[in-house]
Amino acid sequence: MQAGHNATVFIVDDDVSVREALAWLLRSRQLQSEVFSGGHEFDAVLESGFSASSPCCLLLDVRMPGMSGLALFDKLLARGLVEVMPVIFLTGHADVPTAVDLVKRGAFDFCEKPFSDNALVDRVEQALKRSAALLAARNEKLVLQRRLTELTERERAVMRLVIEGAPNKLIADQLDISVRTVEVHRARVFDKMEVKSAVELANLVRSL
Amino acid sequence: MSAAALPAQSAPVRAWRRLAASKRSSLWGLLIALVAAMLVTLVWLAGRYEASQVQSRLDRDTADALADLRSALTRNAQSLQALQSGRPTPDSWSNDAAALLREHREWMRIEWRNAGLETIASADSPFRPSVFARFGRGNAQADVALACGNARRVSGPAYSSSYFLPQLDGMGLQVMELCVPQIANGQPTGYVVATYSLTEILSDLVGPQLTRSKQVAFTEADGTRLALHGSARRGSRIFTSQQLLDLPGNTMLLRMDSWRGAPDLFPNVLTALVTAMSIALLAVLVLLARDARRRLQAERDLADALAFRKAMEDSLVTGLRARDRQGRITYVNPAFCQMLGFSAEELLGHTTPPPYWPPELAGEYLKRQEIRLSGQKAPPREGYESVFMRKDGSRFPVLIIEAPLINKDGVQTGWMSAFLDISEQRRVEELSRASQERLQATARLATVGEMASLLSHELNQPLAAISSYATGSINLLNLQTAGAGAAATEFDALGEIEVAMRRIAEQAERAGKVIKSVHDFVRRRDQEREPMAPQALLDAIMPLVSLQARKVGVPVRIRVEDGLPAVVCDSTMVEQVLLNLARNAMQAMDQARVSDPSLAIEVRAIAGTLAAQSGKAWVEFSVADLGPGIPPEIQRQLFTPFFTTKSEGMGLGLSLCRTVVEQHGGSLRFEPNHPQGTIFRFTLPAEAAGRGAN
């Protein structure tokens, strides 16, 4: 619920009853899900230009006919999707070395069947939260970058000096313009970057 | 017999033999040379002897001839003297003289001369013309005078020396004069002079048997030949003998030459005999030498064969031992000694019990040996196993193969036995069996593990789904009770729960199917049943059974009824059952140390109530031992799983056996054997051949 309405849980499992039961369970906790019957089906979605615009996570069965869960995980790694789409592996056979390896390589979690269902849903929610947070951070950065591109050359120079903490008079000296002009530029930078003070501006730029 | 006891042929011995061989050959050479020399000497001596024989005979002949001559000449002189008796007239004298001349060819002429040597009357030999025709009598006057002078001096007949008398035909004669005086009152009154031809003397006065194949001649002392009779043969060996003929007034040598017909290698019988014997001797020598050489060759061949055999025996890893009929060891080979650690000297001649019998088994072995030596029971052709003791006291298993030792007369003199140390083989067999059993166990475990893994996955899926639905339903119910909020309106909770319950039921059914499929998998073995000949089932397990039987020394007897139908069974399982029962039986006898163990496996068709009830034919397998039997308190628990009397057993054998048999529709039971032991019997359905059932 906290993860938001637009969050999606992808379920990839070759066993139809298992994936439907999981989807149903998630629905009972108000989580949307999409089910796929195998690695190839999900891969096809990725191929067709999937981009994680909303929070999501992946419940992935390790042992499947066709493309196995491990192979699919490798593809996700290659596409750099593992961060925004945390992967929770599901397996019937606890294989500690494989589990450790997968977690080291970036898997979110590793659940052994039969799992404690609500605990799994809790982990799913945590994964979605993390996905949402990542997406939010990524969006913020994008907004900031767009704002920066709106600044003129002169405004950007003024902004840099402002961040360094230089007073207006010094900025005017350095840029060989009048103090009055500096003040105008400064006000514009504040306006465009949607900040109210030089400290706020400095924090914002440093987060980039 | 005991080649092992022979010392090895060392280098000095070989050298000595070579030396002896060369010595032998030089001795042979010497012998042949000596014999040849002796033979040559013999032949030469024989030749010499013969020559001397011939010579002495010739000498004798010459002496005879001389005696003949002397007596003939004396007689002739007397004949001439007789001519003058009775006062002859010249006419009557001439008649008498002519008559004499006819009798004596050696005289050429007889004259009657007076004291003054004048011829009164004369007569010539009628056999030839007058010899003085050419020469003239007057020329011989000197010789006549010489002879008569001598005659007058000795008052007896005297001879002149011989002289040559040429003849009309150009030849000549050697003649001499004989003068016989007529003495009256001490005064010669006249002389009778006879002219002798020397040649005729030789031909007429010497006996013809003496002159045959000889040449007789008169020679003077200096060798000048005066007269010759007989002819010489050229190229022949000449023997010569000379005797002096001294006549009053003349002395000549009578020379006799004898020859032998042809130059002969074997001049006479003796030489021929000696030569023949020599040749025979040489031939015998040659034969002997050849025989000796053959013998030598045979000896060498024999030595080679012996060396070959010895090398063969030495190279054998099989121990060989021969015993005579009293059980005494007469021969052992090195492998046997090495196997036991005893030396050949320690073993040879040893009587029962030999030092390699383990003391605790000696009684049993003694019994076996008595049976063997008495010839009652032939040893098994494939051999039998036994345990021997090395010198250090360690025991080891051997495989013994025995065969009767039969001499060239066809009489059995003992037993020859071959021994194979099978401890290594035993160890390898043990190892391979252990590893095979381990492998089988591993394979079984692997199958079980695989099955378990498959089962867990198959069951996990529906269980996971059920769990999910159940949890979800609880979630919904919680939501419902927590407060009929916004969630309840947008979510038909009851409908959802119904769906979930239905799904749960579906998944439970699925899990049930999984369990059933496992059951089906187990049942599927039923379909692998096929008709098998009972003999084939036994054949499959016999190698394993006999392996263990040999180890524990149990003879296995198998009896399969003729004309048995095939049994319908899962052969692998039934073989396991048979193997299990056979092993149990052998272990039971081995553990109880039964003195005369025996394992009997029988297969027969059974009729009777069981067959009548089921309407099927059955085949009964039985495995009987002579062990101690099964105590009643154990009998009750015999088929209980995990009940065992063996330290290493699992207690599953008999219970599994019964399960397998019962799965086939048969039954497994046991009963006491007579006089002791246990019989396990189980039945299997026979193939319904003629009945058309199934």
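Preceding this section is the structure that the text describes.
Just so we're clear, the structure is a prediction, and the values are computed from it rather than from any experiment.

This brings us to the packing of aromatic side chains. Within this structure, the stated rule accounts for 17 aromatic pairs over all chains. On the basis of an interplanar angle of 75° and a centroid distance of 5.0 Å, the ring pair of Phe36(A) and Phe42(A) is categorised as edge-to-face. With respect to burial, Phe36(A) and Phe42(A) carry one shared label: buried. Look at Phe336(B) and Phe419(B): their rings are 4.7 Å apart centre to centre, the planes differ by 45°, and that puts the pair in the tilted class. Of this pair, Phe336(B) sits in helix H7 (residues 334-340) while Phe419(B) is found in strand S15 (residues 412-421), placing the two residues 83 residues apart along the sequence. Since its relative accessible area comes to 0%, Phe336(B) is described here as buried. The rings of Phe336(B), Tyr356(B), Trp357(B), Tyr365(B), Phe388(B) and Phe419(B) are connected pair by pair, giving a single aromatic cluster. Lying over the aromatic face of Tyr365(B), Arg368(B) brings its terminal NZ or CZ to 4.5 Å of the ring centre. Between the NZ or CZ atom of Arg390(B) and the centre of the ring of Phe396(B), over which it lies, the distance is 4.3 Å.

Here we take up the nonpolar core. All names here are of chain B. Ranked by size, the top nonpolar core spans 43 residues in total, and within it Leu80, Ile110 and Phe218 carry the most contacts. The biggest single contributor to this core is helix H1 (residues 11-83), with 11 residues. Setting aside chain neighbours within four positions, we find Leu80 in contact with Leu100, Trp107, Ile110, Leu178, Val180, Val192 and Ala194.

Let's shift gears to the environment of Ala505(B). Turning to its location among the elements, Ala505(B) is positioned in helix H12 (residues 493-523). A sequence separation of 39 residues divides Ala505(B) from Ile466(B), and the C-alpha atoms of the two residues are 8.2 Å apart.

Structurally, Gln507(B) can be placed in helix H12. Owing to a relative accessible area of 6%, Gln507(B) belongs among the buried residues under this scheme. Those residues in contact with Gln507(B) that lie beyond four places of it in its chain are Ser17(A), Pro462(B), Ala465(B) and Ile466(B).

Residues and elements named next belong to chain A. Taking strand neighbours across the sheet as the criterion, the 5 strands line up as S2-S1-S3-S4-S5 in an open arrangement whose pairing is parallel. The strands lining the two open edges of the sheet, one partner per strand, are strand S2 (32-36) and strand S5 (109-112). Neighbour-to-neighbour, the strand axes of the sheet open up by a mean angle of 20°, direction not taken into account. In the sheet, strand S3 (residues 56-61) pairs with strand S4 (residues 87-91) via 4 bridges, with the strands oriented parallel. Counted as the bridge partner of Asp61 is Leu90 from S4.

Our next topic: the pattern of salt bridges. All names here are of chain B. Using the criterion set out here, one finds 45 salt bridges over all chains in the structure. Linking Glu385 and Arg426 is a salt bridge whose minimum nitrogen-to-oxygen distance equals 2.4 Å. Of this pair, Glu385 sits in strand S13 (residues 384-389) while Arg426 sits in helix H10 (residues 423-482), and the two are 41 residues apart along the sequence. On the basis of relative accessible area, Arg426 is assigned to the buried category, the value being 13%. Arg426 is the partner of Glu429 in a salt bridge, and the nearest nitrogen-oxygen pair spans 3.7 Å. Of this pair, Glu429 and Arg426 both sit in helix H10, separated by 3 residues, roughly a single helical turn. A relative accessible area of 18% means that Glu429 is categorised as buried.

About the thresholds
- Residues numbered from 1 in each chain as written.
- Chains lettered and ligands numbered in written order.
- Predicted model: local features only at pLDDT ≥ 70, side-chain atom pairs only at ≥ 80, totals over all residues.
- Heavy atoms only, no water.
- Phe/Tyr/Trp six-rings, centres within 6.5 Å; stacked < 30°, edge-to-face > 60°.
- Buried < 20%, exposed > 50% of the residue type's maximum accessible area, 1.4 Å probe, protein only.
- Helix = DSSP H or I, 4+ residues; strand = E, 2+ residues; numbered from the N terminus.
- Lys NZ or Arg CZ within 6 Å of the ring centre and 35° of its normal.
- Core = buried A, V, L, I, M, F, W, Y, C linked by side-chain atoms within 4.5 Å.
- Contact = heavy atoms within 4.5 Å.
- Pairing = 2+ DSSP bridges.
- Axes fitted to C-alpha atoms, helices over the stretch in contact; angles between N-to-C directions.
- Salt bridge = Lys/Arg side-chain N within 4 Å of Asp/Glu carboxyl O.

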